[in-house]
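# Geometric and topological summary
What follows is each chain in one-letter form.
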Amino acid sequence: GSIVYLGMMVGAFFWGGLADKVGRRQSLLICMSVNGFFAFLSSFVQGYGFFLFCRLFSGFGIGGAMPTVFSYFSEVLAREKRGEHLSWLCMFWMIGGIYASAMAWAIIPHYGWSFSMGSAYQFHSWRVFVIVCALPCVSSVVALTFMPESPRFLLEVGKHDEAWMILKQIHDTNMRARGQPEKVFTVTRIKTPKQIDELIEIESDTGTWYRRCFVRIRTELYGIWLTFMRCFNYPVKDNTIKLTAVWFTLSFGYYGLSVWFPDVIKHLQSDEYASRVKHFRNEEVSHFVFNFTLENQIHSNGEYINDRFIMMKFKSVTFEDSLFKNCVFEDITSLNTYFRNCTFVNTTFYNTDLEQYKFVDSELINCTFFHVRTGCQISFDDDYSAYWIYFVNFLGTLAVLPGNIVSALLMDRIGRLTMLGGSMVLSGISCFFLWFGTSESMMIGMLCLYNGLTISAWNSLDVITVELYPTDRRATGFGFLNALCKAAAVLGNLIFGSLVGITKAIPILLASTVLVCGGLVGLRLPDTRTQVLM
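Summarised in this report is the structure supplied together with it. (Residues numbered from 1 in each chain as written. Predicted model: local features only at pLDDT ≥ 70, side-chain atom pairs only at ≥ 80, totals over all residues. Heavy atoms only, no water.)

## Notes on the packing of aromatic side chains
Taken as a whole, this structure holds 46 aromatic pairs when the rule is applied. Measuring from centroid to centroid gives 5.9 Å for phenylalanine 50 and phenylalanine 53, while their planes differ by 20°, and the two rings are stacked. With phenylalanine 50 and phenylalanine 53 both in helix H3 (residues 48-62) and three residues apart, the pair spans about one turn of that helix. Owing to a relative accessible area of 38%, phenylalanine 53 belongs among the partly exposed residues under this scheme. (Phe/Tyr/Trp six-rings, centres within 6.5 Å; stacked < 30°, edge-to-face > 60°. Helix = DSSP H or I, 4+ residues; strand = E, 2+ residues; numbered from the N terminus. Buried < 20%, exposed > 50% of the residue type's maximum accessible area, 1.4 Å probe, protein only.)

Rendered as structure tokens:
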């Protein structure tokens, strides 16, 4: 998870800056293509290192989507409906989350979907899920090839003929929809074009091809850096500093608690499961055939002589200080099963998944292993608690739907600042209800409430960020803040994840404090409801 966030952090800054240099549509096409390619590739690779490499670059590609698409969409919207329509755009983040969690719930538990070609290549159901999650990205790349460039960007770089044609197309389409096709599109004022970078022109005429590529890349990166530094110049410097505080606090609190919630629920499940464990001590069993499932048991100081363990499933079973002599283990599937400080004498293992790491401080004397199965062998039908992971994720994602609808309808009515500050403060206050979360159902309810309150803050923050930056640095500023958001998310995951099962007080107080403080800073931002995009 963290490697994807790392890729998104770098990608948001890079692609956002590139969108201000080469255009919104062009930047989106490239970054989504990078994401789609590496997402598909990660589904088929077998090595863990190469898999992480693919996920890193997939995250690098998708990181550019947020800053670029918000800048792109905002620049073709009328001021009166800009907040509402940007909020509807925010909803598709939620729809993507619902799609991903629903697909995970529907696909990953189906262990029977897997196949293998020898021991070198295995394809499990989670790989199908990775492919399915990449399909919307491929669809968006295809759709973007039919989309025009942002007319505001074209005007910014001096391509007013192309901008005029796109604006005329938008005007004519809207007038036909209103039943007024006779209205003519006219332009009364136009911006002066920017100067083209002379260094690039000189190199393209005189340098070798690799020299031209090097200079082009170096100049583009330097241009991105200069654009980023201008985000800290007057008149946007104060806004950038305030937005930095709000983005960091909201991301830290939201993503920190988002990883804390499922882990706490899992911890509650584990505690409840452990409380029902059965202990068996000093067993002496001989000439017996075990052919049934053993679950949630601890066997201590036992002796098993001439016993056969045939076609069995061991689920959360531990054998301690026990002796197995002249026994046979055949067709065994195990989950969380260990033999600690045990002794095996003249014992045969055939077609089992009992690998060496499951024998902790155990002694094996004259034992033989045939056809040892490696990897995860248990199915989700046998591990029902795994369904909860996806079900809770699905409910948490679905819970933001009411907040999305409310924020879209009220964004242009009550204003961005009221919604941002109010949502963050209410989210911080709602954290205190976690004190009373002593069961799975209560924690799931708290998760849904928290997600539903927080989404309005995210939507209003996206809208404010887009509206506070001028066109020539809009995507760069958004990209920087989105990169900061991913850094805060990784930090939140690490800090909150380390506190699971230790204490509730610190995560609750920490999340409440950062959210309330961030909301109060957000109220100090300028109101952009009636502002024309710069």
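## A look at the sheet that holds strand S12 (residues 343-345)
One open sheet accounts for five strands, arranged S4-S7-S9-S12-S15; its pairing is parallel. Across the chains shown, the open sheet's two edge strands, defined by having one partner strand only, are strand S4 (284-286) and strand S15 (363-365). Ignoring which end each strand starts from, the neighbouring axes of this sheet average 5° apart. Sheet analysis places S4 next to strand S7 (residues 303-305), joined by three bridges and oriented parallel. Looking at the pairing, glutamate 284 lines up with glutamate 303 of S7. (Pairing = 2+ DSSP bridges. Axes fitted to C-alpha atoms, helices over the stretch in contact; angles between N-to-C directions.)

## Description of unusual backbone geometry
In the segment running from tyrosine 234 into proline 235, the intervening peptide bond is cis, with an omega of 10°. When you line up the elements, proline 235 lands in the loop between helix H10 (209-230) and helix H11 (237-274). With a phi angle near 55°, asparagine 306 is a residue other than glycine that sits in the positive phi range. Of note, asparagine 306 is situated in the loop between S7 and strand S8 (308-320). Classification of asparagine 306 as partly exposed rests on a relative accessible area of 30%. Backbone geometry at asparagine 346 places phi at a positive 50°, although glycine is not the residue there. Residue classification places asparagine 346 among the partly exposed positions, given a relative accessible area of 33%.

## What about the packing of helix H1 (residues 2-22) against helix H2 (residues 24-44)?
Running from N to C, H1 and H2 cross one another at 140°; their axes reach a closest spacing of 7 Å. In this structure, H1 meets H2 at a crossing whose hand is right-handed. Side by side, H1 and H2 meet where Trp15, Leu18, Ala19, Asp20 and Val22 of the first sit next to Arg24, Gln26, Ser27, Ile30, Cys31 and Val34 of the second. Here the residues of the contact of H1 with H2 sort into seven nonpolar, two polar and two charged. (Left-handed = near helix turned anticlockwise from the far one by under 90°. Contact = heavy atoms within 4.5 Å. Nonpolar A, V, L, I, M, F, W, Y, C, P; charged D, E, K, R; others polar.)

## Some words on the pattern of salt bridges
Applying the stated criterion to the full structure yields 13 salt bridges. For the salt bridge of glutamate 295 with lysine 315, the shortest nitrogen-to-oxygen distance reads 3.8 Å. With glutamate 295 in strand S6 (residues 294-300) and lysine 315 in strand S8, this residue pair connects regions lying 20 residues apart in the sequence. Judged by its relative accessible area of 13%, lysine 315 falls in the buried class. (Salt bridge = Lys/Arg side-chain N within 4 Å of Asp/Glu carboxyl O.)

## A short note on the side chain of serine 27
Mapping serine 27 onto the fold places it in helix H2. Look past the residues within four positions of serine 27 in its chain and what remains in contact with it is Trp15, Leu18, Ala19, Val22 and Thr68.

## Section: the pairing of S6
Among the seven residues of S6, five are classified as buried, and the element is accordingly described as predominantly covered. Relative to S6, strand S3 (residues 278-281) is paired through four bridges, and the arrangement is parallel. Residue pairing for S6: lysine 278 is matched across the bridge by glutamine 297. Of the strand pairs in this sheet, S6 and S8 are connected by six bridges, and their pairing is parallel. Residue pairing for S8: histidine 299 is matched across the bridge by phenylalanine 319.

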